[in-house]
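# Understanding the architecture of this molecule
Okay, here's what each chain looks like letter by letter:
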Amino acid sequence: MDLSIYDDKSFDIVLLFGPLYHLHHEADRQTCISEAKRVCKDDGTIFFAFISHDMVIATELGYNPGFFNSNQYNHETLRLEDFPFVFFTVDECRKMLNDGGISIVKEIASDGLSELLAEKINALDEYSYSQYLRYHFYCCEKPELLGHSNHLLFIGTKQTSGIS
């Protein structure tokens, strides 16, 4: 949230791989985005990582068959408890970045179903693994599959509509 040790427009690329899903207040997340924009060159690129709200439920169920009996989520809304991480839907990510003056260039489901399938993937032979990777890369940018990934990667640039 405070990159004051860096001059304005110092970097071609800025990575926010973690801050946005550790900051519990929207104002803090917007400060973080603002600082990333400030230190990024006008023609630079900013990468944003998020933890996908909708996939975490499936992942938790994989680890804990009693998850749906727990108090880790609101049983009416299916909204997860934002602790220790803060979870976002794809639309919430888009809104946060748009509100922060970011033009979204690309949206990627970084890990897709890999966490749920880890044991099976790790047991694949070399050819099957290479085919799994092809499948994963095929799926990771499909809009209809974005929410089915534990991590989301958004790639953006500063909006040029006068927003700093």
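It should be noted that the structure appears before, not after, this text.
Note that the structure is a prediction, hence the values are computed from the model and not measured. Throughout, residues of each chain are indexed from 1 in the direction in which the sequence is written. Local features in a predicted model are, by the rule used here, given only for residues with pLDDT of at least 70; side-chain atom pairs are given and counted only at 80 or more, and totals for whole chains, interfaces and linings are based on all residues. Hydrogens are left out, water is left out, and the side-chain values use all remaining heavy atoms of the structure.

### Focus on the overall build of the protein
What counts is decided by this rule: The helix and strand labels rest on DSSP assignments: H or I over at least four residues marks a helix, E over at least two residues marks a strand, and numbering proceeds from the N terminus. Using a 1.4 Å probe on the protein chains alone, a residue whose accessible area is under 20% of its type maximum counts as buried, one over 50% counts as exposed, and one in between counts as partly exposed. Here a residue-residue contact requires only that any non-hydrogen atoms of the pair lie within 4.5 Å.
A tally of helices and strands in the protein yields five helices and four strands. The order of helices and strands in the protein, counted from the N terminus, is β-α-β-α-α-β-α-α-β. Across its three principal axes, the protein shows a C-alpha extent of roughly 45 × 40 × 30 Å. Looking at the protein as a whole, 38% of its 164 residues are labelled buried. Across the protein, every contact between residues at least 6 apart in sequence was considered, and the portion connecting residues at least 24 apart equals 81%.

### Observations concerning the packing of aromatic side chains
Short version of the rule: Centres within 6.5 Å make a pair out of two Phe, Tyr or Trp rings, where for Trp the six-membered ring is used; the pair is then stacked when the planes are under 30 degrees apart, edge-to-face when over 60, and tilted otherwise.
Going through the model one piece at a time under the given rule, you end up with eight aromatic pairs. With a centroid separation of 6.1 Å and an interplanar angle of 70°, the aromatic rings of Tyr-21 and Phe-85 are classed as edge-to-face. With Tyr-21 in the loop between β1 (11–16) and α1 (26–39) and Phe-85 in the loop between α2 (53–63) and α3 (90–99), this residue pair connects regions lying 64 residues apart in the sequence. Phe-85 sits in the partly exposed class, given a relative accessible area of 30%. Arranged with centres 5.8 Å apart and planes meeting at 85°, the rings of Phe-68 and Tyr-73 form a pair that is edge-to-face. Exposure remark for Tyr-73: the relative accessible area of 9% places this residue in the buried category. Members of the aromatic cluster, connected to one another through ring pairs, are Phe-50, Phe-88 and Phe-154.

### A few points about the layout of surface pockets
Empty space among the atoms can be located by rolling a probe the size of a water molecule over them. How we decide: The way it works is a 1 Å grid over only the protein atoms, where trapped points that fit a 1.4 Å probe form a cavity and open points with protein on both sides within 12 Å along at least five of seven lines form a pocket, and then any residue with an atom within 4 Å of a point lines it. Grid points are joined across faces, edges and corners, and a volume is the space filled by probe spheres set on the points. Side-chain classes follow a simple rule in which Ala, Val, Leu, Ile, Met, Phe, Trp, Tyr, Cys and Pro form the nonpolar group, Asp, Glu, Lys and Arg form the charged group, and the remainder, Gly included, forms the polar group.
For the largest pocket, the calculated volume is near 310 Å³. Taken together, 17 residues form the lining of the largest pocket, with Val-56, Glu-60, Pro-84, Phe-85 and Phe-87 sitting closest to its centre. In terms of residue count, α2 provides more of the lining of the largest pocket than any other element does, four residues in total. Residues of the lining of the largest pocket, tallied by class, amount to ten nonpolar, four polar and three charged.

### Description of the side chain of Ser-52
With respect to the element layout, Ser-52 can be found in the loop between β2 (40–51) and α2. For Ser-52, a relative accessible area of 0% gives the class buried. Among all residues touching Ser-52, those that are not within four sequence positions of it are Phe-88, Gly-147, Ser-149, Asn-150 and Leu-152.

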